[in-house]
Structures are given as structure tokens and as C-alpha cells.
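Now for the letters of each chain:
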Amino acid sequence: MLTVRIIPKLEVKNENLIKGIHLEGLRIVGKPEAAALKYAADGADELIYIDLVASLYQRNNWLNIVKRTAEQIYIPLTVGGGIKSVADARLFLRTGADKVAINTAIIKKPELVTEIARKFGSQAMVASLEVQKKFDGSYEIYTDSGRTPTGVDPIPWAKEVERLGAGEILLTFIHQDGTYQGYDLNLLAKIASAAKIPVIASGGAGSIADLIAAVTIDKADALAIASLLHFNKLNISEIKQGLKKAKIPVRL
Amino acid sequence: MSNKIALIDYGLGNLFSVARALTFAKADWFFATKPDQLKKADKLVLPGVGAFADGIAGLKAKKLDKAIKSEVDKGKPILGICLGMQLMVTTGYEFGTHAGLDLIPGIVEKMSSRAKLPQIGWNEVKLVKSEIPLFKGIADNDWFYFVHSYVVRPKDKTMVAATTNYGDDVFCSVVEYNRIWGTQFHPEKSGPTGLKIYANFVNQV
């Protein structure tokens with residue numbers, strides 16, 4: 001039986017592992033490479049690396065972190081942040097990433113999804129949807145690490161990225177990020193039923209109960225977890241044991 | 001005894017992680033991009049990510065298709081991974097009908113599962129044959145990392161070394177036929193258990 005994937009999400013800024021709330025107020029947690037190796041050893045099913053600065057100036061440092069990490073782990077690694085073209089995607093995939101996650105650039109240029117999927121396979125193209133809940137209860141995609149509203153409704157956009165060739169959706173709830181208040185189950189259910197490709201839920205996990213809620217009744221296929229792990233509230237083994245008790249298939 | 005492994009590079013997919021796994025397994029390996037290089041190898045590894053037609057086209061463009069068949073006919077062991085496993089069969093039905101390498105009688109078709117495609121993630125591998133050299137030291141029902149929508153259906157059930165359940169489809173996740181092995185999952189992405197597959201291909205076959 002296919003297991004629910006537990007995926008530590010590591011956001012990186014200037015060579016530091018950081019964590020914020022609502023993608024802001026960033027706090028240094030440690031070094032990304034050390035954390036990545038620890039999570040892999042603890043039984044993480046995959047890892048996600050997101051570069052929050054994504055400046056060309058910093059890119060060599062970032063590539064070195066990706067390369068050194070990829071050389072030491074034997075589980076899939078997804079890399080995101082500042083990937084704007086097929087050439088950028090190729091650079092990270094050659095450096096050791098297995099998949100690239102892209103938000104801003106595919107909003108500006110949707111055909112980039114298809115170009116990357118054609119060139120490297122759909123499995124390498126993760127469409128990142130960073131969503132903010134508005135006051136009226138509707139949802140909107142934001143780009144540039146939560147800074148720029150786009151007017152794009154995430155539900156039709158999820159169907160569109162699937163049609164364009166994305167292999168997975170990384171769905172981040174900006175309004176829940178770092179709050180420990182749980183994933184946005186309402187939006188998660190809508191996206192998971194709109195798209196036929198796997199959906200990774202990200203942003204807000206605060207307890208094992210939140211994780212169980214997100215996967216029950218055919219919702220998330222995978223769970224991205226940051227604060228819970230980075231601030232040692234729970235470790236991967238505790239998370240997986242908790243899911244197993246709830247009869248959710250996990251790799252132990 | 002010479003134990004050189006050719007990692008076949010036909011321009012498709014990312015060989016970085018397979019190369020690293022072979023190095024981890026202390027294999028004496030090299031990238032093979034030309035037919036003649038396969039003659040120098042004792043064993044072959046055929047990786048692959050992407051579509052069936054692109055894979056076959058990539059092999060043919062470098063004239064590696066006939067070279068692989070001729071080396072395997074001599075009895076050299078081969079390990080096909082994911083698309084590499086699929087390319088070894090007779091016919092592929094992904095976006096049309098395409099002839100494969102025909103090392104293994106069988107077809108490649110889309111999974112019949114009602115579950116989401118592609119299947120992405122860790123799933124259990126149930127061994128149906130005993131004493132599979134590739135699985136020495138690996139427990140039954142251990143987990144491996146899969147990314148695929150298509151599967152191999154070998155013509156002869158005796159070629160099915162292991163199966164995996166996805167939704168309502170029970171498919172062949174490991175094929176074994178003479179000295180030919182294929183895994184539908186990615187051992188190089190399956191943690192320490194996956195690395196044992198490479199070590200076994202280096203040391204046990």
C-alpha cells in the first residue's frame with residue numbers, strides 16, 4: 001500500500017535554515033545541511049528545500065548547499081526558490097535535485113510547466129501554489145514568497161497546472177504557515193478533488209491530529225512539515241507512530 | 001575477477017543519483033554513451049526517467065539498443081530501473097505503440113488503478129520468488145520509492161519476482177528473467193534498503 005509521505009520542508013536564507021510565520025518574521029533555526037541529514041536519518045520520506053532569497057548573487061552558495069546535501073542523502077530532494085527557466089531547472093536537477101518546485105515563474109509564464117515536464121518528465125515538475133485566504137473567505141495565489149497578490153484563484157489554477165504537465169502540487173497555506181493552527185482543510189479538500197495529481201499539504205501543522213485530519217478521506221497525499229520538526233516539538237518517528245496508530249499507512 | 005559496470009547514458013533523465021548509489025556500493029563503474037563501451041563492461045545498468053518513446057529513441061540515436069541486446073545475449077547481467085525496466089520489454093503502449101528492446105517478453109501499459117496517477121511515494125514490495133539475488137538481506141514487504149504511471153506486464157508469470165499493490169492494481173515491481181533484472185521503483189532514492197539493491201547487483205549476480 002502506498003504510504004503517506006512525511007516531507008520536512010527546509011526554508012533557507014543566506015545559508016541558514018530559517019522559519020517564519022505567514023512566510024514572514026524569519027527566525028534562524030540552524031544550518032540546512034545538518035537538519036536535512038538528520039531528517040533523512042530519522043526516516044523522512046523526501047525533503048523540500050526552498051531558497052527564500054533566490055538572488056543570483058547568492059546562487060553559488062545555494063547550489064553548493066544543494067549539492068552537498070544531495071551527495072549525502074538517498075531520498076528524493078525537491079528544490080524551490082527563484083527557478084525561472086528550463087535552464088535554471090536543469091542547473092538544479094544536475095546539481096542533485098530530483099524535482100523543482102516553482103510558483104512565481106509559472107504564474108508569469110504557465111508554459112514553463114510544460115517545457116520543464118517535457119524536458120525532464122512530469123515527476124520533476126512540482127507546481128508550488130502559495131495561497132492566502134482573503135477576508136471574504138476566498139483564496140488567492142501569492143508570489144514572491146507571499147509578497148505579491150496575483151488575483152489567481154488556486155482551484156482552477158490547480159487544474160491548469162495538472163493539464164500543463166505538473167507531476168505534483170505543493171500547496172502552501174500562507175495564512176496558516178508557522179501558526180501550528182493546522183492545515184486549511186477546506187482548501188485542501190477542494191484542491192485535492194480538483195486535481196488528479198498528488199497534493200502535498202504545507203503550512204500550519206501543529207499536532208499529530210492536524211496531520212491525521214489532512215490525510216483522512218482522500219485529501220493530502222503527502223505532508224510537508226517545518227516548525228514542528230525544526231523547533232523539536234515532534235520528531236519524524238513520533239509523527240509516523242502517531243499516524244500509524246490512526247491506521248494511516250506510513251513507512252517505518 | 002573483473003566486475004566493471006556500464007551505467008548507460010542515453011541522454012534521458014538524471015544519472016547523478018544512480019551514479020552516486022553505484023559509488024556507494026563500491027562498484028567499479030563508468031558512463032557508457034557508445035555501443036563499443038558496453039563490450040568492456042561485465043554488467044549493465046539501464047536507468048531512465050521519462051516517456052517510453054523518448055527512451056527508445058534515445059537508445060537508438062546512440063545505437064545502444066542493438067549493443068545492449070547483443071551483450072545481454074552473451075549472458076551479461078543487466079539491471080533496468082524504472083523506465084529502464086520498461087524499455088527492456090517487447091512493446092510499450094505509452095502514447096502509441098512502440099517496440100522495446102525485447103529482452104523480456106511482455107508489454108508496458110498504464111496502470112488500471114483507480115488511484116491517482118502517477119503513483120508517487122513509498123510502497124511495499126512483496127517478494128513472490130525466493131532467493132532473488134538482488135534482494136539478499138532485504139526483508140519481504142520492505143518499502144521503496146516509486147514514481148510512475150505505467151507498469152510492466154511480463155508475458156510469463158515466472159518472470160515476476162515481486163509485486164506491489166496500488167489502488168486496485170497488483171503490478172510487477174521487480175522482474176527477473178535469466179540474468180535480467182528490473183525494478184519499477186528507484187532503489188537509488190529508497191534510502192539504505194535501496195542501496196542494498198545496488199550492492200547486491202555488484203556482489204551477488
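Residues numbered from 1 in each chain as written. Chains lettered and ligands numbered in written order. Predicted model: local features only at pLDDT ≥ 70, side-chain atom pairs only at ≥ 80, totals over all residues.

Here we look at the overall build of chain B
No. 1: When helices and strands are tallied, chain B shows 6 helices and 13 strands.
No. 2: Here the C-alpha radius of gyration of chain B, 15 Å, is about what a compact globule of 205 residues would show, namely 17 Å.
No. 3: Here the C-alpha coordinates of chain B stretch approximately 45 × 40 × 30 Å along the principal axes.
No. 4: Scored against the burial criterion, the 205 residues of chain B give a buried share of 53%.
No. 5: Look at the contacts in chain B between residues 6 or more apart in sequence, and 71% of them connect residues 24 or more apart. (Helix = DSSP H or I, 4+ residues; strand = E, 2+ residues; numbered from the N terminus. Rg over C-alpha atoms; globule rule 2.2 N^0.38 Å. Buried ≥ 20, exposed ≤ 12 C-beta atoms within 10 Å, placed from the backbone. Contact = placed C-beta atoms within 7 Å.)

With respect to the overall build of chain A
No. 1: Within chain A, the secondary structure is distributed over 10 helices and 12 strands.
No. 2: On C-alpha atoms alone, chain A measures out to a radius of gyration of 16 Å, which is about the 18 Å that the 2.2 N^0.38 rule sets for 252 residues.
No. 3: Overall, chain A is about 45 × 40 × 35 Å in size when its C-alpha atoms are taken along their principal axes.
No. 4: In chain A, which comprises 252 residues, the proportion classed as buried is 54%.

Comments concerning the sheet that holds strand 5 (residues 89-92) of chain B
No. 1: Taken in spatial order, the 4 strands line up as 6-5-7-10 (chain B) in an open sheet, and their pairing is mixed. Strands with a single pairing partner mark the edges of an open sheet, and in this sheet they are strand 6 (98-99) and strand 10 (150-154) of chain B. (Pairing = 2+ DSSP bridges.)

Thoughts on the sheet that holds strand 12 (residues 169-177) of chain B
In a beta sheet, neighbouring strands pair by backbone hydrogen bonds and run either parallel or antiparallel.
Residue and element names in this part refer to chain B.
No. 1: Strand order in this open sheet of 9 strands is 2-1-3-4-13-12-11-8-9, and the pairing throughout is mixed. With one partner strand each, in any of the chains shown, strand 2 (28-32) and strand 9 (142-148) form the two edges of the open sheet. With strand direction ignored, the average angle separating the axes of adjacent strands in the sheet is 30°.
No. 2: Summarising the sheet, strand 12 and strand 13 (residues 180-183) pair through 4 bridges and their orientation is antiparallel. Its bridge partner being in strand 13, valine 174 is matched across the sheet by threonine 183. (Axes fitted to C-alpha atoms, helices over the stretch in contact; angles between N-to-C directions.)

Remarks on the confidence of the model for chain B
No. 1: Summing up the model confidence of chain B, the mean pLDDT is 95 and the portion of residues at 70 or higher is 99%.
No. 2: Interface confidence for the predicted complex, expressed as ipTM, amounts to 0.93; the pTM equals 0.95. (pLDDT = per-residue confidence, 0-100.)

Re unusual backbone geometry
No. 1: Between leucine 117 of chain B and the following residue, proline 118 of chain B, the backbone shows a cis peptide bond with an omega angle of 0°.
No. 2: Structurally, proline 118 of chain B can be placed in the loop between strand 7 (104-110) and strand 8 (119-127).
No. 3: A positive phi is found at histidine 22 of chain A, a non-glycine position, where the angle reads about 55°.
No. 4: Here histidine 22 of chain A is to be found in the loop between strand 2 (16-21) and strand 3 (24-30).

So, helix 3 (residues 86-95) of chain A
Residue and element names in this part refer to chain A.
No. 1: Those residues of helix 3 that fall on the buried side of the exposure criterion are Ala89, Phe92, Leu93 and Thr95. With its buried residues spanning 165° around the axis, helix 3 presents them on a single face.
No. 2: Looking at the packing, one finds that the buried side of helix 3 touches helix 2 (59-70), strand 5 (77-80), strand 6 (99-102) and helix 5 (111-120).
No. 3: Downstream of helix 3 by one or two residues, glycine 96 has phi in the positive range, about 130°. (Arc of directions from axis to C-beta.)

Some points on the pairing of strand 5 of chain B
Residue and element names in this part refer to chain B.
No. 1: Examined bridge by bridge, strand 5 and strand 7 share 3 bridges and lie parallel to one another. Bridge pairing links valine 89 to isoleucine 104 in strand 7.
No. 2: Bridge analysis of strand 5 against strand 6 gives 2 bridges, and the strand direction is antiparallel. Residue pairing in the sheet places glycine 92 in a bridge with histidine 98 of strand 6.
No. 3: Following strand 5, the chain reverses through 5 residues before pairing antiparallel with strand 6; phenylalanine 95 in that reversal takes a positive phi of roughly 50°.

Description of the pairing of strand 4 (residues 47-51) of chain A
All names here are of chain A.
No. 1: With 5 of 5 residues buried, strand 4 is to be regarded as a mostly interior element.
No. 2: Of the two faces of strand 4, the one lined by Leu47, Tyr49 and Asp51 and the one lined by Ile48 and Ile50 are each fully buried.
No. 3: The pairing of strand 4 with strand 5 spans 4 bridges and is parallel. By the bridge assignment for strand 5, isoleucine 48 is matched with threonine 78.
No. 4: What joins strand 4 to strand 5 is helix 2, and the crossover it makes is right-handed. (Right-handed = clockwise from strand over helix to strand, strands pointing away.)

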